[in-house]
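Examining the three-dimensional arrangement
These are the residues of each chain, in order.
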Amino acid sequence: MYTYYCYHQSPIGKLLLAGDGDSLSLLGFPRGKMQRQHGTDWELDAAPFRATAAQLEQYFAGELIQFKLPLKPVGTPFQQTVWDALTQIPYGKTWSYGELAQRIGKPKASRAVGAANGLNPIPIIIPCHRVIGSNGKLTGFGGGLDTKEFLLHLEAQRQTPGLNFG
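Residues numbered from 1 in each chain as written. Predicted model: local features only at pLDDT ≥ 70, side-chain atom pairs only at ≥ 80, totals over all residues. Heavy atoms only, no water.

**Description of the pattern of salt bridges**
A full pass over the atoms with the stated rule returns 4 salt bridges. Between Arg103 and Glu99 there is a salt bridge, with the nearest N and O atoms lying 3.0 Å from each other. Of the two residues, Arg103 and Glu99 are both situated in helix H3 (residues 97-103); the distance of 4 residues between them amounts to about one turn of the helix. Here Glu99 falls in the partly exposed class, since its relative accessible area comes to 30%. (Salt bridge = Lys/Arg side-chain N within 4 Å of Asp/Glu carboxyl O. Helix = DSSP H or I, 4+ residues; strand = E, 2+ residues; numbered from the N terminus. Buried < 20%, exposed > 50% of the residue type's maximum accessible area, 1.4 Å probe, protein only.)

This is the structure in structure tokens:
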């Protein structure tokens, strides 16, 4: 599943990028429940992640609002459906878990949607940080609530005309 990896320095710390050389399959945070480290059988090679690193740089600079990368997240069909729906949340906007459940046609599945959201293996790029509680409060996030707050604040501050839509 993961053959290659590298670490990319970002404003939220060193992010682990991993994949098969053609597609990104994992973005791991430096802390929080989605903290990840590379496997001992993975090969350190930044070359497969040049486009990912460049787009992350543009995102954190407020110059990119939609990633265009080959992704290969591994999960169940339900998780894949949730992760696909996450990519439809507009930059700088948030949806509740209930709204996300409605969008995938499973209005009573907000808890299952929350569980799938929490297992998103490619956060930021598949923007699970844009999902909040129905009361408008920030809820759990794999990189920690401070990271979620940082990402949402970044996007709220950068909603200006002329940004690169990918």
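Next comes the rest of the write-up.
**With respect to the nonpolar core**
Ranked by size, the top nonpolar core spans 38 residues in total, and within it Leu56, Tyr59, Phe60 and Ile124 carry the most contacts. Listing elements by their share of this core, those giving two or more residues are strand E2 (13-19), strand E3 (24-28), helix H1 (50-60), helix H2 (77-86), H3, helix H4 (110-118) and helix H5 (145-157). Element by element, the count of residues in this core is highest for H2, at 4 residues. Aside from chain neighbours lying at most four places away, what touches Tyr59 is Leu64, Phe67, Tyr91, Ile124, His129, Leu151, Leu154 and Glu155. Counting 5 residues, the second largest nonpolar core, distinct from the first, contains Tyr5, Leu16, Ala18 and Leu26. (Core = buried A, V, L, I, M, F, W, Y, C linked by side-chain atoms within 4.5 Å. Contact = heavy atoms within 4.5 Å.)

**Quick notes on unusual backbone geometry**
Although it is not a glycine, Ile124 sits at a positive phi angle of roughly 75°. Inspection of the secondary structure assignment puts Ile124 in the loop between H4 and strand E6 (131-132). A relative accessible area of 1% means that Ile124 is categorised as buried.

**Concerning H1**
Considered for burial, the residues of H1 that qualify are Thr52, Ala53, Gln55, Leu56, Tyr59 and Phe60. Taken around the axis of H1, the buried residues stretch over an arc of 165°, which confines them to a single face. Check the buried side of H1 and you find it contacts strand E1 (4-10), E2, E3 and H5. Immediately downstream of H1, the backbone of Gly62 shows phi near 80°, a positive value. (Arc of directions from axis to C-beta.)

**Considering the side chain of Gln55**
Its location among the elements puts Gln55 in helix H1. Of note is the side chain of Gln55, whose polar atom sits 2.9 Å from the backbone nitrogen of Lys68. Beyond its immediate sequence surroundings of up to four residues, Gln55 is in contact with Leu64, Phe67, Lys68 and Leu69. (Polar contact = N/O pair within 3.5 Å; in protein donor to acceptor, adjacent residues only side chain to side chain.)

**A look at H2**
Among the residues of H2, Gln79, Val82, Trp83, Ala85 and Leu86 are the ones counted as buried. Angularly, the buried residues of H2 cover 160° about the axis, an arc narrow enough to put them on a single face. Where H2 is buried, its residues contact strand E5 (95-96), H3, H4 and E6.

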